[in-house]
Amino acid sequence: MSSIVTLILAIISLLVAAVALVTALSARTAATQAQGKRVPQSRVVRRDPHGLTPWVIYNGGKISDISQLRTLVDVQAAEAGWNEPHYVSTTVEYPGTKQALEAVKDGAGMVVAVGGDGTIRNVAAGLAHSGVPLGIIPYGTGNLLARNLGIPFEDAGEAVTVAFTGNTELIDICWVRPGGQLEGEPAADFVLQDSADPQIADEGEHCCLVMAGIGFDADVMEKTDTVLKQKIGWFAYVLAGLSQAYKPKMEATLQIGKNGAKNDFPASTVLFANCGTLTGGINLFPHARPDDGWMDVSRIASQLGLVGYLELGIRLLVQGLGIRPRIPTFNVDFDTRRARYASIETTVPRHVEVDGDSLGEASRLDVRLDHLALQVRTP
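Everything numeric here is computed off the predicted structure, so don't read it as measured data.

So, how was this worked out
- Residues numbered from 1 in each chain as written.
- Predicted model: local features only at pLDDT ≥ 70, side-chain atom pairs only at ≥ 80, totals over all residues.
- Heavy atoms only, no water.
- Helix = DSSP H or I, 4+ residues; strand = E, 2+ residues; numbered from the N terminus.
- Contact = heavy atoms within 4.5 Å.
- Core = buried A, V, L, I, M, F, W, Y, C linked by side-chain atoms within 4.5 Å.
- Buried < 20%, exposed > 50% of the residue type's maximum accessible area, 1.4 Å probe, protein only.
- Salt bridge = Lys/Arg side-chain N within 4 Å of Asp/Glu carboxyl O.
- Polar contact = N/O pair within 3.5 Å; in protein donor to acceptor, adjacent residues only side chain to side chain.
- Axes fitted to C-alpha atoms, helices over the stretch in contact; angles between N-to-C directions.
- Parallel < 35°, antiparallel > 145°, perpendicular 65-115°, else oblique.
- Left-handed = near helix turned anticlockwise from the far one by under 90°.
- Nonpolar A, V, L, I, M, F, W, Y, C, P; charged D, E, K, R; others polar.
- Phe/Tyr/Trp six-rings, centres within 6.5 Å; stacked < 30°, edge-to-face > 60°.
- Lys NZ or Arg CZ within 6 Å of the ring centre and 35° of its normal.

**Student:** Teacher, can you tell me more about the environment of Gly118 here?
**Tutor:** Tracing the chain through its elements places Gly118 in helix α4 (residues 117–127). Spatially, the C-alpha atom of Gly118 lies 8.6 Å from that of Gly140, the residues being 22 residues apart in sequence. When sequence neighbours within four positions are dropped, the list of residues in contact with Gly118 reads Asp355 and Asp357.

As structure tokens, this is what we get:
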């Protein structure tokens with residue numbers, strides 16, 4: 001075996017070990033981190049559930065048998081004073097937005113989304129500015145929004161209890177438009193147009209509750225094997241990341257703010273974050289809060305492919321342990337700015353992802369923050 005092959009295998013082993021170590025050490029503090037990001041009580045919305053009907057929108061592609069969960073939901077809803085829940089499944093054609101709009105129109109007192117971050121963001125798109133709160137029962141691989149809000153993601157019964165007995169709090173939404181530019185100033189009360197076939201894509205914007213990205217981050221989401229993800233969970237993302245680590249950087253132009261200056265730079269990936277905590281409690285954006293009226297816009301540029309990402313992993317490991325040393329940067333650039341609006345243009349189209357869902361390729365992204373647009377049930 002050649003020395004270069006040995007070196008590559010050693011780097012891969014170190015990267016995998018670093019990820020595993022981050023997961024093990026950060027798991028103990030993940031709940032505490034999420035609790036620290038809770039929305040201030042002044043933004044808690046009180047609501048009497050009596051006489052109101054909850055809708056339960058579940059991912060029909062992931063949950064073939066809803067009977068066990070339905071028993072948990074029905075019992076908790078009755079005990080908390082809600083009417084009998086109404087159940088509806090998502091489909092490939094309608095992944096949750098249309099069903100949420102129908103729930104609002106029908107007078108639902110709450111909409112409970114059952115699925116991963118993709119299902120939750122699609123349901124949330126139909127609830128924006130509706131005054132109807134979103135309950136979350138995590139049923140995915142990452143469950144990132146649940147992690148950031150302190151919602152239990154390993155026990156469905158506990159998540160059901162939070163949905164029906166917890167607080168109703170306000171959080172921000174990021175709206176992502178691939179390919180085209182937003183016209184005029186962002187609307188203060190964005191809602192989907194009422195049409196016979198409402199879809200968020202008709203408006204050209206996609207709801208983002210956790211994080212959107214273009215470049216390496218989206219390449220990983222695009223290349224992650226769905227079947228493998230179901231078998232080994234988040235580690236499937238690590239394997240996909242190893243296969244994409246040496247992809248060339250993209251030449252990009254970033255604008256922060258509607259009238260901000262445009263900056264040209266090379267980047268491996270650019271992220272737009274509404275929340276900061278990732279799988280395993282890794283805190284990528286320590287200052288990001290889902291209710292503060294800002295999104296964190298970050299450029300990451302790995303100079304030596306896998307070596308750069310290994311360095312980034314070590315920096316995140318140290319950061320996740322609560323240590324803030326001045327570590328010199330050798331192989332990776334990682335800088336973050338805060339914004340309410342940002343746009344990015346790339347010289348060639350690159351993959352785009354929103355909350356873990358791949359949206360295909362685009363050469364431009366416009367992202368705006370919609371402050372306190374969504375009511376969510378939290379502990």
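**Student:** Teacher, can you tell me more about the nonpolar core here?
**Tutor:** One recurring pattern in soluble globular proteins is that nonpolar side chains are buried together. Ranked by size, the top nonpolar core spans 39 residues in total, and within it Val111, Leu134, Leu145, Leu209 and Leu374 carry the most contacts. With five residues, α4 is the largest single contributor of residues to this core. If you look at the next biggest cluster of nonpolar residues, it comprises 23 residues, including Val176, Val270, Ile344 and Leu369.

**Student:** Which parts of the structure should I look at to understand the pattern of salt bridges?
**Tutor:** Pairing is possible between side chains that carry opposite charge, provided their charged atoms lie close to one another. All told, the structure shown has 10 salt bridges when counted by the stated rule. A salt bridge links Arg299 to Asp335; the shortest N-O distance between them is 2.9 Å. With a gap of 36 residues between them, Arg299 in strand β12 (residues 295–302) and Asp335 in strand β13 (residues 332–339) connect regions that are remote in the sequence. With its nearest N and O atoms 3.2 Å apart, the salt bridge here joins Glu345 to Arg364. Of the two residues, Glu345 sits in strand β14 (residues 341–354) while Arg364 sits in strand β15 (residues 357–378), which places them 19 residues apart along the sequence. Counted as one network, the salt bridges with shared partners bring together Asp292, Asp296 and Arg338.

**Student:** Would you mind going over the side chain of Arg299 with me for this structure?
**Tutor:** A relative accessible area of 14% places Arg299 in the buried class. At 3.0 Å, the side chain of Arg299 forms a polar contact with the backbone oxygen of Pro266.

**Student:** Where do I start with the side chain of Glu205 in this structure?
**Tutor:** Structurally, the position occupied by Glu205 is in the loop between α7 (200–203) and β7 (206–208). At 3.0 Å, the side chain of Glu205 and the side chain of Arg368 are in polar contact.

**Student:** I'm lost on the packing of helix α3 (residues 97–106) against α4 in this one. Help?
**Tutor:** Each pair of packed helices can be described by the angle between their axes along with the distance between the axes. In contact at an axis separation of 7 Å, α3 and α4 are set at 40° when each is read in the N-to-C sense. Put simply, α3 runs oblique to α4. Where α3 crosses over α4, the two elements pack in a sense that is right-handed. Contact residues: α3 offers Thr97, Ala100, Leu101 and Val104, while α4 offers Asn122, Val123, Ala125, Gly126 and Leu127. Split into classes, the residues belonging to the contact of α3 with α4 amount to six nonpolar, three polar and no charged.

**Student:** Would you take a moment to explain the packing of helix α2 (residues 67–80) against helix α6 (residues 156–165) for this structure?
**Tutor:** Put simply, α2 and α6 touch, their axes get as near as 9 Å, and they point 35° apart. Relative to α6, the crossing made by α2 is right-handed. Each of Leu69, Leu72, Val73, Gln76, Ala77 and Ala80 in α2 lies in contact with α6, whose residues at this interface are Ala156, Gly157, Val160, Thr161, Phe164 and Thr165. Here the contact of α2 with α6 is composed, by residue class, of eight nonpolar, four polar and no charged.

**Student:** Could you clarify how one ought to interpret the packing of aromatic side chains in this entry?
**Tutor:** The way to describe two aromatic rings as a pair is by their centre distance and the angle between their planes. Across all of its chains, the model carries one aromatic pair by this definition. Ring centres 6.0 Å apart and planes at 80° place the aromatic pair Trp82 and Phe164 in the edge-to-face group. Of this pair, Trp82 sits in the loop between α2 and β3 (86–89) while Phe164 is found in helix α6, placing the two residues 82 residues apart along the sequence. An identical accessibility class is assigned to Trp82 and Phe164; each is buried. Directly above the aromatic system of Phe153 lies the positively charged group of Arg147, at a separation of 4.1 Å from the ring centroid. The ring of Trp294 carries the charged tip of Arg340 above its face, separated from the ring centre by 3.7 Å.

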